[in-house]
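Examining the three-dimensional arrangement
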Amino acid sequence: MDYSLHARIRAGDPEAFRELFHAHAQLVFRHAVRVSGDRSTAEDVVSLTFLEAWRLRAKLRDEGETPRPWVMGIAVNVLRNTARAARRHAVALTRLPAKDTVPDFVDELVGRMADAEELAAAGRALRRLRRGERDVFTLCVWSGLSYCEAAQALGVPVGTVRSRLSRTRTRLRALAAEELAAGRRGPYDRKGPYERMEPVGGSGQEQGGRTRAARSGEETDR
């Protein structure tokens, strides 16, 4: 196996890092868009991922055909940190006077898709998964990593990836069906934690918009 690229990255070769970026930046971006639901956040994740890769370049080991699992492992950690920062920001927003309801960050992405209703239901279902389940699903299904690459990215055995992905597919299918059924009852009947509060009554004012809008960006890690 020729690990010359790995060695050049560890040595801090700028050209090697350009190769790394051109080869994997779009993969990181697509993964981040799907996980975060926000293109602006995904762009930040790409920048932070490759800045972190530069900082951690000495830790790249000579394994695998490409550095892709290493890059995606960094991206997963960056996304986790970004999500924690978003939750802290959301909590801070609840302490401020609310003028307008903060728009759901999934709206822009969902609006671009052919079947927005099903995608929105899948997005809500995905947030109900445990963090480990989400990571395996998004890496293997959305970003196309092999079992071995996902295991390397997450630092877990290959068998764990296989079994976790199998359970996650089954659980996600059931959760998505549940969310889709709830969504089709209409916005005034939905009680889930990720929906925006709709105007009620005749005053045209939104009740509880501040708290629910802040919660719309939160993920539940179990």
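Up top is the structure.
The structure reproduced in this document is the subject of the present report. (Residues numbered from 1 in each chain as written. Predicted model: local features only at pLDDT ≥ 70, side-chain atom pairs only at ≥ 80, totals over all residues. Heavy atoms only, no water.)

**Things to note about helix α8 (residues 147-154)**
For α8, the set of buried residues is Glu149, Ala150, Ala151, Ala153 and Leu154. Two residues or fewer past α8, Gly155 is found with a positive phi of approximately 70 degrees. (Buried < 20%, exposed > 50% of the residue type's maximum accessible area, 1.4 Å probe, protein only. Helix = DSSP H or I, 4+ residues; strand = E, 2+ residues; numbered from the N terminus.)

**Focus on the pattern of salt bridges**
Per the counting criterion, the structure on display carries 13 salt bridges. For Glu179, the salt bridge goes to Arg128, with nearest N and O atoms at 3.0 Å. Of this pair, Glu179 sits in helix α9 (residues 158-183) while Arg128 is found in the loop between α6 (116-127) and α7 (131-142), placing the two residues 51 residues apart along the sequence. What you see here is one network of salt bridges that share partners, running through Arg124, Arg128, Glu178 and Glu179. (Salt bridge = Lys/Arg side-chain N within 4 Å of Asp/Glu carboxyl O.)

**Concerning the packing of aromatic side chains**
For the structure shown, the criterion picks out three aromatic pairs. On the numbers, 5.8 Å between centres and 70 degrees between planes, the contact of Phe137 with Trp142 is edge-to-face. Above the face of the Trp54 ring, Arg57 is positioned so that its terminal group lies 4.1 Å from the ring centre. (Phe/Tyr/Trp six-rings, centres within 6.5 Å; stacked < 30°, edge-to-face > 60°. Lys NZ or Arg CZ within 6 Å of the ring centre and 35° of its normal.)

**A short note on the nonpolar core**
Formed by 41 residues in total, the largest nonpolar core has its most connected members in Ile9, Leu20, Val28, Phe50, Trp70 and Leu139. For this core, the secondary structure elements donating two or more residues are α2 (14-36), α3 (39-55), α4 (68-93), α6, α7, α8 and α9. (Core = buried A, V, L, I, M, F, W, Y, C linked by side-chain atoms within 4.5 Å.)

**Some points on the side chain of Glu133**
Residue placement: Glu133 occurs in helix α7. Only 3.0 Å separates the side chain of Glu133 from the backbone nitrogen of Arg130, close enough to count as a polar contact. In this structure, Glu133 is in contact with Arg164, Thr168 and Arg171, ignoring residues within four places of it in sequence. (Polar contact = N/O pair within 3.5 Å; in protein donor to acceptor, adjacent residues only side chain to side chain. Contact = heavy atoms within 4.5 Å.)

**Brief notes about the environment of Pro69**
With respect to the helices and strands, Pro69 occurs in helix α4. A sequence separation of 83 residues divides Pro69 from Gln152, and the C-alpha atoms of the two residues are 6.0 Å apart. In contact with Pro69, other than residues within four places in its own chain, are Glu149, Gln152 and Ala153.

**Concerning the side chain of Ser36**
Along the polypeptide, Ser36 turns up in helix α2. Residue classification places Ser36 among the buried residues on the basis of a relative accessible area of 14%. From its side chain, Ser36 meets the backbone oxygen of Ala32 in a polar contact 2.7 Å long. Side-chain polar atoms of Ser36 contact the backbone nitrogen of Asp38, separated by 3.2 Å.

**A look at the environment of Asp135**
For Asp135, the location among the structural elements is in helix α7. For Asp135 and Arg80, which are 55 residues apart along the polypeptide, the C-alpha to C-alpha distance reads 9.9 Å. Not counting the four nearest positions on each side in its chain, Asp135 is found in contact with Val76, Arg80 and Leu154.

The analysis is restricted to geometry; functional conclusions fall outside its scope.
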